[in-house]
Amino acid sequence: MKISFDKLDKAFENRVRLQIMSVLAANERYDFNSLKDLLNITDGNLASHLKALEKEEYIVVHKSFLGRKPNTNYEATVIGKKAFKEHLDTLEQLIKHQKST
Amino acid sequence: MEEKEIHDELAAIRGLMERSSKFISLSGLSGILAGIYASIGSGVAYYILYAGDYPVKHNSHYFIAEGIQSIINIYSLLLLGILVLLASVVTAIILSSRQAKRKGQPIWGKISQSLLFHMSIPLLTGGLLILIFMYDGSYGIVAPASLIFYGLSLVSASNFTFTDVKYLGLCEIALGLIAACLPSYGLLFWALGFGVLHIIYGGMMYLKYDR
């Protein structure tokens, strides 16, 4: 039963971070406002979690301008995608393990 | 973590991945209604083209082309087509935004915008091509070309919504090509493609996703 709780990625312990990674795993890039609408959370909340993921080097930020408005896009890095996949695999294993016991 | 908790977590992730990359709020019911509008429209078009003709000239060549002898017919047909299109679009917008609210997806967001953009390229190309040919008096191209280009636009839009839309698109393209081989049955194929196929697919989508 001990297998895997410590294998679960600490960075994904928070729900919002896991949600952000799910979106970035399914899409090449996603912009801040669309992400905010999709997850239905506040600017500050989203920004702080994005910062945390950026610090882990799981995502990279692309800043550009649409006309005069700043447009911030996020993209998952190779490390980030790998960590996300491992996290999901671990969750899956946990289910299998619990079923067999 | 309990097993159920993990299951919920995985389900939430899967849902979010789908919701973030595909417009899953397309309403099946609006497909059915669009099909019904198109069927009624085809009926009215048939009446406009062949009313007074007797006996009905089923075996005449260039079915559509022959009916359009008076300029009034062309305009009333164009008006009819625009009315059917408008009614379908308005219905789709109303029903899909209701659906979007229920599924927690913005109706006018990143995904619906890419969906419309990818749909509009073949659709506008086809529409302009048809107008150019009509200007030259080649009315035979209307039915096959509108089916083919509509099918192409569905195939290209299907990357941003349910995959089922791709199969509807392929059916429309096939029907359009057949219609091109049988120019005298243009209106019939038009009714099949925009009426019957929409009703069938709308019904399937409704049963599969709407409820």
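Worth saying up front: this structure is predicted, and the values here are computed from it rather than measured.

1. Topic: the overall build of chain B
A count of helices and strands for chain B gives eight helices and zero strands. Listing every helix and strand of chain B by position from the N terminus yields α-α-α-α-α-α-α-α. At a minimum sequence separation of 6, the contacts of chain B that also span at least 24 residues come to 76%. Carbon and sulfur atoms make up 72% of the accessible area of chain B, which amounts to about 11600 Å² in all.

2. Things to note about the packing of aromatic side chains
All chains considered together, the criterion is met by five aromatic pairs over all chains. Relative to A:Y58, the ring of A:F12 has its centre 5.6 Å away and its plane inclined at 40°; by these criteria the two rings are tilted. Pair noted here: A:F12 is in the segment before α1 (15-26) and A:Y58 is in the loop between α3 (43-55) and β2 (59-66), with a separation of 46 residues, a long-range link. Judged by its relative accessible area of 2%, A:F12 falls in the buried class. On the basis of relative accessible area, A:Y58 is assigned to the buried category, the value being 8%. Here B:Y150 and B:F194 contribute two aromatic rings whose centre-to-centre distance is 5.2 Å and whose plane-to-plane angle is 40°, an arrangement assigned as tilted. Taken together, the residues B:Y150 in helix α6 (residues 142-157) and B:F194 in helix α8 (residues 186-210) connect sequence positions 44 residues apart. The pair B:Y150 / B:F194 is uniform in exposure class, with both members buried.

3. Some points on the layout of surface pockets
With a probe scaled to a water molecule rolled over the atoms, the places where space remains empty come into view. Put simply, the second largest pocket is a space of about 460 Å³. Lining the second largest pocket are 18 residues, and of these A:D31, A:N33, A:S34, A:N71 and B:K110 sit closest to its centre. Contributing elements (two or more residues each) for the lining of the second largest pocket: β1 (30-31), α2 (32-39) and β3 (69-76) of chain A together with α5 (110-135) of chain B. It is α2(A) that contributes the most residues to the lining of the second largest pocket, five residues altogether. Classifying every residue of the lining of the second largest pocket by side-chain character gives eight nonpolar, six polar and four charged.

4. Some points on the interface of chain A and chain B
Contact residues are listed per partner, giving 23 residues for chain A and 17 residues for chain B. Interface area, chain A with chain B, both sides summed: about 1800 Å², of which 69% is carbon and sulfur. Of all residues in chain A, A:L38, A:L91 and A:I95 bury the most surface against chain B, accounting for 27% of the area lost on that side. Counting every contact that joins chain A to chain B gives one salt bridge. For A:R15, the salt bridge is made with B:E9, and the minimal N-O distance between the two is 3.9 Å. Put simply, chain A and chain B have three residue pairs in polar contact (both at pLDDT 80 or more) between them.

5. Structural notes on the pattern of salt bridges
Residue and element names in this part refer to chain A. Counting across every chain of the model gives six salt bridges over all chains. A salt bridge links E75 to R29; the nearest nitrogen and oxygen atoms lie 3.6 Å apart. A residue pair is termed long-range when its members are at least 10 positions apart, and E75 in strand β3 and R29 in the loop between α1 and β1 qualify at 46 residues. Residue R29 is classed as partly exposed on the basis of its relative accessible area, which comes to 37%.

6. Brief notes about the pairing of β2(A)
All names here are of chain A. Of the strand pairs in this sheet, β2 and β3 are connected by eight bridges, and their pairing is antiparallel. Bridging from a neighbouring strand, V60 pairs with E75 of β3. Here β2 folds back onto β3 in antiparallel fashion, the turn holding two residues, of which G67 has a positive phi close to 65°.

7. Remarks on empty space enclosed by the protein
Under the defined criterion, the tally for this structure stands at three cavities of 30 Å³ or more. Counted as a void, the second largest cavity has a volume near 40 Å³. Taken together, A:R15, A:L18, A:Q19, B:E9, B:A12 and B:I13 form the lining of the second largest cavity. Elements with a contribution of two residues or more to the lining of the second largest cavity: α1 of chain A together with α1 (3-21) of chain B. Taken together, the residues of the lining of the second largest cavity sort by class into three nonpolar, one polar and two charged.

Parameters at a glance
Residues numbered from 1 in each chain as written. Chains lettered and ligands numbered in written order. Predicted model: local features only at pLDDT ≥ 70, side-chain atom pairs only at ≥ 80, totals over all residues. Heavy atoms only, no water. Helix = DSSP H or I, 4+ residues; strand = E, 2+ residues; numbered from the N terminus. Contact = heavy atoms within 4.5 Å. Areas by Shrake-Rupley, 256 points an atom, 1.4 Å probe, with all protein chains shown as cover. Phe/Tyr/Trp six-rings, centres within 6.5 Å; stacked < 30°, edge-to-face > 60°. Buried < 20%, exposed > 50% of the residue type's maximum accessible area, 1.4 Å probe, protein only. 1 Å grid on protein atoms, 1.4 Å probe; cavity = no way out; pocket = protein on both sides within 12 Å on 5 of 7 lines; lining within 4 Å. Points joined across faces, edges and corners; volume = space filled by probe spheres on them. Nonpolar A, V, L, I, M, F, W, Y, C, P; charged D, E, K, R; others polar. Buried area = accessible area lost by both parts, 1.4 Å probe. Salt bridge = Lys/Arg side-chain N within 4 Å of Asp/Glu carboxyl O. Polar contact = N/O pair within 3.5 Å; in protein donor to acceptor, adjacent residues only side chain to side chain. Pairing = 2+ DSSP bridges.

Note that every value here comes from positions in space, so none of it alone points to a role or purpose.
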